[in-house]
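# Geometric and topological summary
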Amino acid sequence: MKSFVRYSELFGKTFRQPPKDESSRNAQLLEQAGFISKLMAGVYTYLPLGLRVLNAVKDVIRREMDALGAQEFYMPALQPKEIWEKTGRWKDLSDIMYQFPDHSGRQVGLAATHEEVITHIVKQRITSYKDLPLALYQIQDKFRDEPRAKSGLIRGREFSMKDLYSFHADEKDLDSFYNRVAASYLSIFSRLGLQALMIEAAGGSFTKRFSDEFQVISDAGEDRIIYCPSCHFAQNSEIAEQKAGGPCPKCHGSLSEKKGIEVGNIFKLGTKFSDSIGATFTASDGSTHPLIMASYGIGPGRLVGTIVEVSNDAQGIIWPKSVTPFQIHLVQLSKGLEEKKKTERLVHDCLNAGLTILLDDRVASAGVKFKDADMVGITARMVISTSNENQLEVKIRNESASKKMNASQAIEFVKNYYAE
Ligand code: ATP
Ligand code: MG
């Protein structure tokens, strides 16, 4: 990724007005600020700014997956019907899965999820208990014919998913890995500046058992969460036996209902997929058993939308520092040759300090530049102007006061701010 970009050259500048055909706050803000562009309901292009944020989210996730010891790989999205028929999900998922014949008349589908394919691959390559446990993940676009794709990046019909799959010889091993993944999910969300609750939810088309969802409380959410403000007990209303106003089963406080955005979902699949696909391993005593499996999903695109929903103000987006598209939004207000040189020197020093910079070098008023900087929402802003002598103005997007300091102090300050 380029570490220095001029706003004058950037593809995807701000629009004066929010888009007329978007009802969700995240899509309005992201489109107006030049991060995304809508192609049709639930299908978006990530413009250069948006792609930087999406990639930053994926990097946060990737680091955690690698730390779990999972290996990254990449499966195809285009898949034959036969593999889905083995588990009965060609029919079960027919409402949501894009399914169609190719020119030869063969039925194919676009992946809505990947349990069938991963189990098929692992079946070919895992034979012994010595190969276990195994954890594989990918970050890839999924396709789902979502009936209500009106929530911007929160509900796409083509959307990015990180999906991790783990394979174990026994339940105990599965449980301990599952708990490690849950902890790593919580640290992903907290790195992204999101407060996520881990709650019990339905198993979906995967399993009859419950699954664990990660929910961010927000009015933009489509899920209803039964929630105890005293002890943080929470369940998806799909499975909750209690209702809002009723007593909390854990602490007897009074339950309330809140809306949540499901940002992650993890499932103990057991042997559902390995049984139907015939993925087995040989134990140390020579006996044969089906692999014990779990799957773990997280939505990088939905996370971008969720961050925007919970982190914005009347002026625009407020990016958390972990995923800000650039670390410094440098606003150049001076026009003289001497001043231009000063700006170049500052950019050079920032780059040397390892900071990424978006430089607003346009011929435009201070008002226009500040308004755009707020709308784009980069975490730290620096202003260089003739009137300030050798002092720069440094401002953190979600703080109201700015600070004046010289160039080297400013770079030090911003560097430390990101390192914290
Ligand atoms: P929902 O109930 O919101 O439709 P789901 O339970 O069907 O989601 P999963 O199959 O659990 O979704 O997918 C794993 C993760 O992928 C979700 O937790 C979410 O972060 C993301 N995700 C799922 N569907 C979408 C979508 N349509 N657009 C964007 N992200 C999605
Ligand atoms: Mg889910």
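Residues numbered from 1 in each chain as written. Chains lettered and ligands numbered in written order. Predicted model: local features only at pLDDT ≥ 70, side-chain atom pairs only at ≥ 80, totals over all residues. Heavy atoms only, no water.

### What about the site of ligand 1?
If you check the shell around ligand 1, you find 17 residues, and the closest are Arg-144, Glu-146, Arg-155, Gly-156 and Glu-262. With respect to ligand 1, the side chain of Glu-146 contributes an N or O atom lying 2.8 Å from a nitrogen atom. Protein burial of ligand 1: of its 580 Å² of free accessible surface, 86% is covered by the chains. The element best represented in the shell around ligand 1 is strand S14 (residues 256-270), accounting for five residues. (Near = heavy atom within 4 Å. Polar contact = N/O pair within 3.5 Å; in protein donor to acceptor, adjacent residues only side chain to side chain. Areas by Shrake-Rupley, 256 points an atom, 1.4 Å probe, with all protein chains shown as cover. Helix = DSSP H or I, 4+ residues; strand = E, 2+ residues; numbered from the N terminus.)

### Focus: the coordination of the magnesium ion (ligand 2)
On the protein side, the magnesium ion (ligand 2) has Glu-262 (OE), Glu-262 (OE) and Asn-265 (OD1) as donor atoms, found 2.2 to 2.7 Å from it. Look at Asn-265 and you get buried, because its relative accessible area is 10%. (Donors = N, O, S within 2.8 Å, 3.2 Å for Na, K, Ca; no water. Buried < 20%, exposed > 50% of the residue type's maximum accessible area, 1.4 Å probe, protein only.)

### Thoughts on the domain arrangement of the chain
Here the domain parsing of the chain yields domain 1 (9-313) and domain 2 (326-419). Put simply, the middle of domain 1 and the middle of domain 2, counted by C-alpha atoms, are 38 Å apart. Facing the nine residues of domain 1 at the interface are seven residues of domain 2. Interface area for domain 1 against domain 2, summed over the two sides, is near 770 Å², with a carbon-plus-sulfur share of 64%. Across the contact surface, domain 1 and domain 2 share one salt bridge. Scanning the region where domain 1 abuts domain 2 turns up two residue pairs in polar contact (both at pLDDT 80 or more). (Domains from an automatic or database assignment. Contact = heavy atoms within 4.5 Å. Buried area = accessible area lost by both parts, 1.4 Å probe. Salt bridge = Lys/Arg side-chain N within 4 Å of Asp/Glu carboxyl O.)

### Some details on the side chain of Asn-236
Looking at the secondary structure, you find Asn-236 in strand S13 (residues 234-236). You can call Asn-236 buried: its relative accessible area is 2%. Setting aside its immediate chain neighbours within four residues, Asn-236 contacts Ile-199, Glu-200, Ala-201, Glu-213, Gln-215, Asp-223 and Arg-224.

### So, helix H6 (residues 171-191)
Between its first and last C-alpha atoms H6 spans 30 Å; for 21 residues at 1.5 Å apiece the expected length is 30 Å, and the two agree. Every buried residue of H6 is accounted for by Leu-174, Phe-177, Tyr-178, Val-181, Ala-182, Ser-184, Tyr-185, Ile-188 and Phe-189. Between a side-chain oxygen at the N-terminus of H6 and the backbone nitrogen of Lys-172 the separation is 3.2 Å; the capping residue is Asp-170. Looking one or two residues past H6, Gly-193 carries a phi angle of roughly 75°, positive in sign. (Expected span 1.5 Å × (residues − 1).)

### Description of the environment of Gln-79
Mapped onto the fold, Gln-79 is located in strand S5 (residues 78-80). As a C-alpha pair, Gln-79 and Pro-133 span 54 residues in sequence and 26 Å in three-dimensional space. Sequence-distant contacts of Gln-79, that is, excluding residues within four places in its chain, are made with Trp-84, Val-108, Gly-109, Ala-111, Thr-113, His-114 and Val-117. A distance of 2.7 Å separates the side chain of Gln-79 from the side chain of Trp-84, its partner in a polar contact. Reaching out from Gln-79, the side chain makes a polar contact with the side chain of His-114 at a distance of 3.2 Å.

### Notes on the sheet that holds strand S21 (residues 357-360)
Spatially, S1-S21-S20-S22-S23-S24 is the arrangement adopted by the six strands of the open sheet, whose pairing is mixed. Of all strands in the sheet, those bounded by a partner on one side alone are strand S1 (4-6) and strand S24 (403-405). Ignoring strand direction, the axes of neighbouring strands in this sheet form an average angle of 25°. Where strand S23 (residues 392-396) meets S24, three bridges bridge the pair, whose relative direction is antiparallel. Note that in S24 the partner of Val-394 across the bridge is Lys-403. Each of S1, strand S20 (328-332), S21, strand S22 (380-384) and S23 touches helix H9 (residues 337-352); the most contacted strand, S20, lies at about 170° to it. Packing of helix H11 (residues 407-419) onto the sheet brings it into contact with S20, S22, S23 and S24, and relative to S23 it is tilted by some 15°. (Pairing = 2+ DSSP bridges. Axes fitted to C-alpha atoms, helices over the stretch in contact; angles between N-to-C directions.)

### Topic: the packing of aromatic side chains
Throughout the structure, instances matching the rule amount to seven aromatic pairs. Judged by centre distance (6.0 Å) and plane angle (90°), the ring pair of Tyr-185 and Phe-189 falls under edge-to-face. Note that Tyr-185 and Phe-189 are positioned in helix H6 at a spacing of four residues, about one turn of the helix. Residue Tyr-185 shares its accessibility class with Phe-189, and that shared class is buried. Clustering of aromatic rings is evident, with ring pairs tying together Phe-177, Tyr-178 and Tyr-296. Note that Lys-268 overlies the ring of Tyr-178, its terminal NZ or CZ placed 4.7 Å from the centroid. Positioned over the ring face of Tyr-417 is Lys-321, at 4.5 Å from the centre of the ring. (Phe/Tyr/Trp six-rings, centres within 6.5 Å; stacked < 30°, edge-to-face > 60°. Lys NZ or Arg CZ within 6 Å of the ring centre and 35° of its normal.)

### So, the side chain of Ser-184
Secondary-structure assignment places Ser-184 in helix H6. Dropping the residues within four chain positions of it, Ser-184 is found in contact with Glu-64, Met-65 and Leu-68.

### Structural notes on the pairing of strand S17 (residues 292-298)
Counted residue by residue, S17 has seven buried out of seven residues, so it is predominantly covered. Along S17, one buried face is formed by Ile-292, Ala-294, Tyr-296 and Ile-298 and the opposite face, lined by Met-293, Ser-295 and Gly-297, is buried too. Pairing between strand S9 (residues 158-168) and S17: seven bridges, direction antiparallel. When the bridges of S17 are listed, Ser-166 appears paired with Ala-294. Where S14 lies against S17, six bridges are found, and the strand directions are antiparallel. Among the inter-strand pairings, Phe-267 is bridged to a residue of S17, identified as Ser-295.

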